[in-house]
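Descriptive analysis of the structure
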Amino acid sequence: MFSNRNGSVARGRPSDAGGGAANAIAGRGGQPAPPAPELVVADLCAGYGAMQVVDRVGFTVAAGEVVAVVGRNGAGKTTTLAAVAGLRRGRTCGQVRLGGTEVSSAPPEDIVARGLALVPEGHRIFPDLTVLENLRMGMFPWRRRGGAELRGRLSWVYELFPVLAEFAQREAGRLSGGQQQMVAIGQALMAQPRVLLLDEPTSGLAPAVIDDIYDVIAQLSTAGTAVVVVEQNLDRALAASSRAYVMDSGRIVLTGDSADLRDDHRVGAIIHGLAE
Ligand code: ATP
């Protein structure tokens, strides 16, 4: 099994994440308090020009936790993840705290360097570069580090996705869609993120590949990575996560334990646009 910095950082992290969203998961009623969140998003607003499509969204994810964000097309899930990762200049309000540090105004590369990586929707890779070159791009913030660190991170990614080792010298654009998604996830993992955001990681992929990707997500969370997954497939999302947030029209309209939400008829109604 690999070791990364997740475990030690999570154990040693101060519990000063703050904000309303953090308070929402603080220990109550004599229950042991859950670990401090690695990521706290509070009152996030974002949009495109004058159009606001994310309206005061808040969520948290702790080390070793998988959290799902579900909702129908256009609910604002992608925009939310992009705003958290610092990619949307259209973010107009709200706070993003990563490991207790405010990163709301930080540029995307600083956010990556501080431990958050986003895998955007649609396996965006560099098709003309080899698999290895694509993976190396994920170490860009640490490009001055020595070869031993690169080899260590590569062997971790290859352990998770053995097919990438097999095709390391192949142009990434020649791989199947599922393998390209593995390259995209592998590239994000080269940053050894404490928080991994996955935007529809299995969209359009074959069931066997979906299983492989969710198996890796489970391995990452077991190793201490905090994972946020946006997913169209409601059953998959709720099966793979411990908690879920349901978005509609730019807002979080329902949240709870995934096991409870599986039996909650309101979730399907919201996602199919039937909620009152
Ligand atoms: P999907 O599952 O279809 O990706 P989503 O929940 O991720 O949906 P977003 O992609 O965040 O939703 O879109 C939220 C709203 O913002 C939608 O109304 C969409 O049309 C709009 N939108 C998304 N991207 C842009 C853009 N680049 N410019 C203008 N409007 C956009």
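This one's a predicted model, so the numbers in the text were calculated from it and none came from an experiment.

Re the nonpolar core
Nonpolar side chains tend to gather and get buried jointly when the protein is soluble and globular. Of all hydrophobic cores here, the largest spans 50 residues; its most connected members are Leu135, Phe161, Leu164, Leu189, Leu196 and Leu198. With near-sequence residues (within four places) excluded, Phe161 lies in contact with Met182, Ile185, Gly186, Leu189 and Val216. Formed by 30 residues, the second largest nonpolar core is a distinct cluster that contains Leu44, Val53, Leu98 and Ile111.

Focus on the site of the ligand
Neighbouring residues of the ligand: 14 residues in total, closest Gly74, Gly76, Lys77, Thr78 and Thr79. The contact in question runs from a nitrogen atom of the ligand to an N or O atom on the side chain of Tyr48, over 3.3 Å. Only strand E2 (51-62) and helix H3 (77-84) provide two or more residues apiece to the shell around the ligand. Among the elements that take part in the shell around the ligand, H3 stands out by supplying three residues, more than any other. Looking at side-chain class alone, the shell around the ligand contains four nonpolar, six polar and four charged residues.

A few points about unusual backbone geometry
Backbone geometry follows two general trends: most residues other than glycine have a negative phi, and most peptide bonds adopt the trans configuration. Unlike most non-glycine residues, Gln192 shows phi in positive territory, near 45°. Within the element layout of this structure, Gln192 appears in the loop between helix H8 (177-189) and strand E7 (195-199). You can call Gln192 buried: its relative accessible area is 14%. The phi dihedral of Ser249 falls on the positive side, at around 45°, and the residue is not glycine.

Describing the state of the cysteines
Going through the model one piece at a time under the given rule, you end up with one disulfide. Residue Cys45 pairs covalently with Cys93 via a disulfide, S to S 2.2 Å. Separated by 48 residues along the polypeptide, Cys45 in strand E1 (residues 37-48) and Cys93 in strand E4 (residues 93-98) bring together distant segments of the chain. Considered together, Cys45 and Cys93 belong to a single accessibility category, that of buried residues.

Focus on the environment of Ala184
One can find Ala184 in helix H8. When sequence neighbours within four positions are dropped, the list of residues in contact with Ala184 reads Val119, His123, Arg124 and Ile125.

Remarks on the side chain of Ser241
Here Ser241 shows up in the loop between helix H10 (234-240) and strand E9 (243-248). Within polar-contact distance, the side chain of Ser241 engages the backbone oxygen of Ala237 at 2.7 Å. Engagement of the side chain of Ser241 in a polar contact is seen with the side chain of Ser258, the distance being 2.7 Å. Leave out the neighbours within four places in its chain, and Ser241 touches Val66, Val67, Ala68 and Ser258.

Reading the values: rules and limits
- Residues numbered from 1 in each chain as written.
- Predicted model: local features only at pLDDT ≥ 70, side-chain atom pairs only at ≥ 80, totals over all residues.
- Heavy atoms only, no water.
- Core = buried A, V, L, I, M, F, W, Y, C linked by side-chain atoms within 4.5 Å.
- Buried < 20%, exposed > 50% of the residue type's maximum accessible area, 1.4 Å probe, protein only.
- Contact = heavy atoms within 4.5 Å.
- Near = heavy atom within 4 Å.
- Polar contact = N/O pair within 3.5 Å; in protein donor to acceptor, adjacent residues only side chain to side chain.
- Helix = DSSP H or I, 4+ residues; strand = E, 2+ residues; numbered from the N terminus.
- Nonpolar A, V, L, I, M, F, W, Y, C, P; charged D, E, K, R; others polar.
- Disulfide = S-S within 2.5 Å.

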